[in-house]
Each structure stands twice: as C-alpha cells, then as structure tokens.
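Observations on chain architecture
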Amino acid sequence: MQIKSICCIGAGYVGGPTMAVIAKQCPEIQVTVVDTNHARINDWNDDDLNNLPIFEPGLAEIVTEVRGKNLHFSTEVDKAIDEAEMVFISVNTPTKTYGKGKGMAADLKYIELCARQIGRVAKSDKIVIEKSTLPVRTASAIKSILDNTGNGVQFQILSNPEFLAEGTAIQDLLHPDRVLIGGNTSTKEGEQAMQALVEIYENWVPKEKILTTNVWSSELSKLTANAFLAQRVSSINAMSEICEKTGADVQEVSKAIGMDSRIGPKFLNASVGFGGSCFQKDILNLVYIAKSYGLNEVADYWEQVIIMNDHQKDRFSDNIVSTLYNTVSGKKIGFLGWAFKKNTNDTRESAAIKVADNLLNEQAYIAVYDPKVKAEQIYKDLEYIGSRSLEENKKYLEVFDNPYEAMKDTHGIAILTEWDEFKEYDWEKVYQQMKKPAFLFDGRGILNKKEIENIGFVYYNIGLGN
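Residues numbered from 1 in each chain as written. Predicted model: local features only at pLDDT ≥ 70, side-chain atom pairs only at ≥ 80, totals over all residues. Heavy atoms only, no water.

1. Focus on the nonpolar core
One recurring pattern in soluble globular proteins: nonpolar side chains tend to sit buried together. Operational definition: Buried residues of nine kinds, namely Ala, Val, Leu, Ile, Met, Phe, Trp, Tyr and Cys, make up a nonpolar core once their side-chain atoms join them within 4.5 Å. The cut-offs for exposure are 20% and 50% of the maximum accessible area for each residue type, with area from a 1.4 Å probe on protein chains only; residues under the lower value are buried, those over the upper are exposed, and the others partly exposed. Every helix listed is a DSSP run of H or I at least four residues long, and every strand listed is a run of E at least two residues long, numbered separately from the N terminus. Whether two residues touch is decided by their heavy atoms; if any such pair falls within 4.5 Å, the residues are in contact.
Membership of the largest hydrophobic core comes to 59 residues, with the highest contact counts inside it found for Phe 316, Phe 335, Trp 338, Leu 359 and Trp 427. Counting residues per element, this core draws most heavily on helix α13 (residues 351-361), at seven residues. Those residues in contact with Phe 335, other than ones at most four positions away along the chain, are Ala 352, Val 355, Ala 356, Leu 359, Ile 366, Ala 367, Val 368, Tyr 369, Ala 414 and Leu 416. Counting residues in each nonpolar core, the second largest holds 45 residues, with Ile 6, Ile 54, Ile 127 and Ala 169 among its members.

Set out below in structure tokens:
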C-alpha cells in the first residue's frame with residue numbers, strides 16, 4: 001500500500017513539525033495539517049516566518065521549502081479527512097481538570113471528537129494513527145467509535161508516538177533514535193497498515209531503527225520513556241538538596257555518576273525542575289492507570305517523581321524569600337526566561353510559572369524577559385493557575401523586551417530558562433544597575449560561580465554548598 005495523501009488533525013507542537021518533515025522527506029505525498037483554530041492556521045500560512053506559531057530551530061526553513069508544494073495548512077477538516085488515505089490524530093490530551101480522574105487522568109474528549117469526525121466523514125478505508133500521547137488501550141476506544149459510527153468503511157488503528165525533545169525536534173525527526181509503530185499484529189490488514197507507515201519512514205530512517213510492536217506496547221512505551229526521563233531529573237534534584245547541606249557539588253556528583261556506563265550523563269543536570277507538556281502529564285497518567293488497576297505501590301512510586309519536582313520549584317522560590325531577608329514584598333525580582341527550556345516558546349508546566357506564582361503571593365514585583373515567549377502567553381499562564389486576577393498579575397508582573405531593562409533596579413535575579421544568550425550578558429553592567437547586595441539565583445546552573453562572585457554578586461546555584 002503506497003500512501004499518497006496524509007491528513008494530520010492538530011497543528012500544534014507535534015503535528016506541525018512532524019508533518020513538515022514528512023512532507024520534506026516524501027515529496028510524492030500530499031500532506032495537509034488541519035486545525036479548527038483559524039488564527040493558528042493563519043500563522044502557519046504567514047509569509048513572515050517569524051510569525052509561525054511554534055519556534056523550533058530548523059522548522060522555518062523546512063516550511064519555506066515545502067509549504068504550498070506538498071505541505072498545506074487548512075481549517076477545512078472534513079475535506080482533508082475525506083481526501084486522505086492516512087489520518088494522524090495529533091490533538092491535545094491534557095490532564096483532566098474535572099470529574100473522575102481529575103488531576104491525573106488524560107482528558108480524551110478531543111481524541112473522541114476526532115474519532116467521531118473521522119467516522120462521520122470517511123467514505124473510503126483509512127489508516128488512523130495515534131500521534132498524541134495516550135493512555136494504554138485508547139486505540140480500542142477509537143476503533144470502537146469508528147466501527148460503530150462509520151459509513152461501513154474499514155479502519156486500521158496504529159500507534160506512532162512521538163519522542164521529540166522541544167528545542168531539538170527537527171533533528172529528532174530527521175535523525176530519530178527509533179521510530180515506534182504499534183498496530184494489530186494478529187491480522188493481515190493490521191500488518192499491511194503498519195507496513196504502509198513503515199515505508200513512509202523508510203524514506204529517511206534506517207530500517208533497523210523502525211520498531212514494530214502490538215498497539216498496547218507502543219502506547220505504554222511512550223509513557224514509560226517520559227516517566228524514566230523525569231525520574232532521572234527528580235533523582236538528581238533530590239541529591240542537589242543533600243549537596244547543599246553537606247557542602248558537596250551536585251555538578252561534580254552528576255559528572256561522577258554519569259561516567260558510569262550503566263547510568264550515562266543525560267538528564268542529570270540539577271535545576272529548578274522539569275516542565276513541558278509531557279513529563280508531568282504522562283507520569284500522572286501512569287499513576288492513574290496504576291491506581292485504576294489497584295497497583296497502589298506502583299502509583300505511589302511514580303507519583304513521588306512529581307512530588308519531588310514540585311518541591312524543587314517551591315524550594316527555589318522559598319530560598320529567594322529567605323535570602324532576601326525573609327521578605328520580597330515590594331521588591332523587584334528579575335526573571336530571565338519563562339519557556340520551560342531553551343530553544344522553544346512552549347511554556348507548559350514551566351518552572352517559571354510556579355516560582356512566579358509563589359513570589360507574587362509574597363507580594364513581590366516581577367520583571368520578566370524571555371527571548372521567545374510573548375507577554376500575552378505569560379499572563380495567560382498565570383491566569384490559568386487562578387491565584388489572582390489578570391489585573392493583579394499585570395500590576396505586579398511586567399514583561400520586558402530588553403533584558404537589561406528587566407534587570408534594572410532589581411533586588412535579585414532568577415534564571416529560570418537556560419537560554420544561551422544569558423551567558424553572554426554584560427554581568428558587570430547588570431551588577432552596577434542593581435540594588436545592593438545584588439543576589440543572583442541561577443536555577444539552571446549556566447553561569448560561572450567564580451566569575452559572577454568576583455563581580456560582586458551573591459550567587460546561588462542549585463546543588464552547591466555554601
């Protein structure tokens with residue numbers, strides 16, 4: 001089965017970049033990305049590539065190359081579904097904020113809406129692919145909806161989870177560690193559907209890196225991968241607190257254990273905590289699945305990863321308050337960074353949001369600078385927490401386009417995102433325009449302690465004993 005037309009429902013952080021790369025690597029396939037958000041689609045179609053809704057290194061260049069040729073962005077969802085042989089579902093699956101499973105289970109309402117729309121529109125056989133991160137056995141729910149609401153056509157359901165790290169997503173897509181495809185391995189039709197997707201990836205991915213499994217293993221592998229990565233971050237962060245009390249250096253500890261071939265060096269940087277759309281959501285999902293099967297010890301084990309991460313954020317903001325003589329009321333704190341990591345404009349679950357909320361509760365005045373995150377998004381993030389009104393947030397938090405203006409007359413500066421440009425600032429100039437003593441709280445460990453202290457700063461880096 002040679003696929004000639006693909007539709008992707010969802011033009012977000014996964015759907016947009018993934019389809020752009022598929023279009024680039026498979027020029028014979030027409031790829032259409034659809035979304036009901038007109039503003040987002042307009043941004044994807046904007047001639048000014050700075051207005052793309054997603055910032056990802058290398059993405060704009062690929063979009064320029066293939067948009068209008070075999071990559072299209074549209075709000076005509078029904079038309080794209082009808083014309084496609086293969087439909088990717090890449091919509092948001094946030095943690096539920098209501099009802100049973102609130103705060104843990106994945107909210108699958110958008111997935112179900114997609115399935116019902118596909119079932120209603122499809123007049124020919126389709127391969128439907130889960131691209132969103134989903135709980136185990138979601139595929140069976142999608143299959144049931146399609147078979148019971150469709151027009152008598154045949155549907156094959158595949159799981160093809162993404163393993164993208166924001167900031168390096170294009171490179172991850174072009175040179176993946178592995179591509180995972182799960183399907184119905186017990187039927188000929190299921191095997192053929194899997195092979196059709198395998199052949200798409202074989203255009204640029206070595207065959208030995210394409211792994212096929214049953215659909216349940218594929219769904220669970222995604223949750224497990226993110227849980228393991230998040231666990232490493234929380235583990236080194238737990239050790240960072242011990243390091244601070246004992247006088248050890250967490251960076252030295254990290255290097256020492258990372259040289260063990262059984263452990264490896266990745267995801268062992270102590271920090272203010274992990275963020276992003278996947279880690280917390282997927283672990284909470286895993287916890288909910290475990291609890292639903294009565295596996296309470298398993299649930300408690302994974303939940304501790306989240307507890308440790310939340311503790312690290314609170315510990316960071318508490319340290320700012322205690323260092324500034326136990327009060328930040330009326331004091332200006334400069335925030336460098338709002339995105340959850342460098343090289344992305346994604347702010348979901350960013351540590352900066354929680355730290356800002358804590359300090360605003362202490363009546364601090366916060367000045368924020370981030371090179372890629374817009375003020376509108378920052379206020380939206382705080383509003384979502386719901387601690388204060390938008391008017392209050394705007395009164396006590398200001399967003400700056402210039403980092404030096406954001407840091408001027410501050411009592412302390414907090415580095416919340418590891419943007420490379422922060423290392424290159426004229427820190428002598430920053431010091432001169434700050435209140436004294438000038439405190440610098442490096443939540444990402446990106447500055448040189450000796451150099452910063454020689455300038456005159458009182459420097460705090462997570463995991464370094466004083």
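Next comes the rest of the write-up.
2. Observations concerning the packing of helix α5 (residues 109-121) against helix α6 (residues 138-149)
Between two packed helices, both the angle of their axes relative to each other and the distance between the axes serve to describe the pair. Just so we agree on the cut-off: Between N-to-C directions, angles span 0 to 180 degrees; the directions come from axes that are lines fitted to C-alpha atoms, helices contributing only their stretch in contact. Here a crossing is taken to be left-handed if its near helix is turned anticlockwise relative to the far helix by less than a right angle, and right-handed if that turn runs clockwise. Classification used: nonpolar for Ala, Val, Leu, Ile, Met, Phe, Trp, Tyr, Cys and Pro, charged for Asp, Glu, Lys and Arg, polar for all others including Gly.
Close contact between α5 and α6 brings their axes to 8 Å; oriented N to C, the two are set at 30 degrees. Crossing of α5 over α6 shows right-handed handedness. Residues Ile 111, Glu 112, Ala 115, Arg 116, Ile 118, Gly 119 and Arg 120 of α5 touch α6, and the partners they reach there are Thr 138, Ile 142, Ile 145, Leu 146 and Thr 149. Of the residues assigned to the contact of α5 with α6, the class counts are six nonpolar, three polar and three charged.

3. Remarks on empty space enclosed by the protein
Going by this rule: Computed over the protein atoms alone on a 1 Å grid, cavities are sets of points where a 1.4 Å probe fits but cannot get out and pockets are open sets with protein on both sides within 12 Å along at least five of seven lines; a residue lines them when it has an atom within 4 Å of a point. Grid points are joined across faces, edges and corners, and a volume is the space filled by probe spheres set on the points.
Applying the stated criterion across every chain, the model contains one cavity of 30 Å³ or more. There is about 50 Å³ of room inside the largest cavity. Forming the boundary of the largest cavity are Glu 130, Ser 132, Thr 133, Leu 134, Ser 159, Asn 160, Pro 161, Ser 218, Glu 219 and Lys 222. The element best represented in the lining of the largest cavity is helix α9 (residues 215-246), accounting for three residues. Grouping the constituent residues of the lining of the largest cavity by class yields two nonpolar, five polar and three charged.

4. A closer look at the sheet that holds strand β13 (residues 439-442)
Applied cut-off: When DSSP locates at least two bridges between a pair of strands, those strands are taken to pair.
Taken in spatial order, the six strands line up as β11-β10-β9-β12-β13-β14 in an open sheet, and their pairing is parallel. Each of the sheet's edge strands pairs with one partner strand only, and the pair in question is β11 (397-399) and β14 (458-461). The mean inter-strand angle of the sheet, taken between neighbouring strand axes irrespective of direction, is 20 degrees. In this structure, strand β10 (residues 365-369) lies alongside β11, joined through three bridges in parallel fashion. Bridging from a neighbouring strand, Ala 367 pairs with Glu 398 of β11. Packing against the sheet, helix α12 (residues 296-323) makes contact with β9 (332-336), β12 (412-415), β13 and β14, and its axis sits at approximately 170 degrees to β13. Relative to β11, helix α14 (residues 375-385) is tilted by about 155 degrees, and along the sheet it contacts β10 and β11.

5. Focus on the packing of α6 against α9
Stated precisely, the cut-off is as follows: Here the word oblique covers every angle except those under 35 degrees (roughly parallel), over 145 (roughly antiparallel) and from 65 to 115 (roughly perpendicular).
Running from N to C, α6 and α9 cross one another at 125 degrees; their axes reach a closest spacing of 9 Å. When the interaxial angle is binned, α6 and α9 end up oblique. Residue-level contacts link Thr 138, Ala 139 and Ser 140 of α6 to Val 215, Trp 216 and Glu 219 of α9. When the residues that make up the contact of α6 with α9 are grouped by side-chain class, the tally is three nonpolar, two polar and one charged.

6. Looking at the environment of Lys 96
For the record, the criterion: Polar contacts, as counted here, are pairs of nitrogen or oxygen atoms within 3.5 Å of one another; within protein the pair requires one atom able to donate a hydrogen and one able to accept it, and residues that are adjacent in sequence qualify only if both atoms are side-chain atoms.
Among the secondary structure elements, Lys 96 is positioned in the loop between β4 (86-89) and α5. Expressed as a C-alpha distance, the spacing of Lys 96 and Gly 182, which sit 86 residues apart in the sequence, is 25 Å. Not counting the four nearest positions on each side in its chain, Lys 96 is found in contact with Gly 101, Lys 102, Gly 103, Ala 105, Ala 106 and Asp 107. A distance of 2.8 Å separates the side chain of Lys 96 from the backbone oxygen of Lys 100, its partner in a polar contact.

7. Some thoughts on the pairing of β13
Definition in use: Crossovers are marked right-handed if the path from the first strand over the helix to the second runs clockwise, as seen with the strands pointing away from the viewer.
Of the two faces of β13, the one carrying Phe 439 and Phe 441 and the one carrying Leu 440 and Asp 442 are both buried. In this sheet, β13 lies alongside β12 in parallel orientation, the contact comprising four bridges. Looking across to β13, one finds that Ala 414 is bridged to Phe 441. Once the chain exits β13 it traverses helix α18 (residues 449-455) before rejoining the sheet at β14, and the crossover so formed is right-handed.

8. Here's the deal with a nonpolar patch on the surface
Applicable threshold: Surface patches are drawn from residues lacking salt bridges whose relative accessible area is over 30%; two like charges belong together within 9 Å, two nonpolar side chains (Val, Leu, Ile, Met, Phe, Trp, Tyr) within 5 Å. All accessible-area figures derive from a Shrake-Rupley calculation using a 1.4 Å probe, and residue coverage is judged against the displayed protein chains alone. Any carboxyl oxygen of Asp or Glu that lies within 4 Å of a side-chain nitrogen of Lys or Arg is treated as forming a salt bridge with it.
Together, Tyr 293, Leu 295 and Val 298 give the surface a local cluster of nonpolar side chains, amounting to about 300 Å² of exposed area. Assignment of secondary structure puts Val 298 in helix α12.

9. Some remarks on helix α8 (residues 188-201)
Worth spelling out the cut-off: Residue count minus one, scaled by 1.5 Å, sets the expected span of a helix.
The terminal C-alpha atoms of α8 lie 20 Å apart, and with 14 residues this matches the ideal 20 Å at 1.5 Å per residue to within 8%. The set of residues buried in α8 consists of Gly 190, Ala 193, Met 194, Ala 196, Leu 197, Val 198, Ile 200 and Tyr 201.

10. Examining the pairing of strand β1 (residues 5-9)
Both faces of the sheet carry side chains from a regular strand, because those side chains alternate between them. Where burial is concerned, most of β1 is hidden: five out of the five residues are buried. Direction of pairing for β1 relative to strand β2 (residues 30-34): parallel, over a ladder of five bridges. Of the residues in β2, the one forming a bridge with Ser 5 is Gln 30. Crossover β1 to β2 through helix α1 (residues 15-25) is right-handed. Strand direction decides the pairing type here: β1 and β4, joined by four bridges, are parallel. The residue of β4 that forms the bridge with Ile 9 is Ile 89.

11. Focus on the layout of surface pockets
Considered as a void within the structure, the second largest pocket measures approximately 340 Å³ in volume. Lining the second largest pocket we find 19 residues, and of these Pro 135, Val 136, Ile 289, Ser 292 and Tyr 293 sit closest to its centre. Looking at the lining of the second largest pocket, the elements with two or more residues in it are α6, α9 and α11 (279-292). Residue contributions to the lining of the second largest pocket peak at six residues, all from α11.

12. A few points about the pattern of salt bridges
Taken as a whole, this structure holds 19 salt bridges when the rule is applied. For the salt bridge of Glu 162 with Lys 222, the shortest nitrogen-to-oxygen distance reads 3.3 Å. With a gap of 60 residues between them, Glu 162 in the loop between β6 (155-159) and α7 (169-174) and Lys 222 in helix α9 connect regions that are remote in the sequence. This pair shows no difference in class: Glu 162 is buried, exactly as Lys 222 is.

Interpretation note: all reported values are geometric properties and have no functional meaning in isolation.
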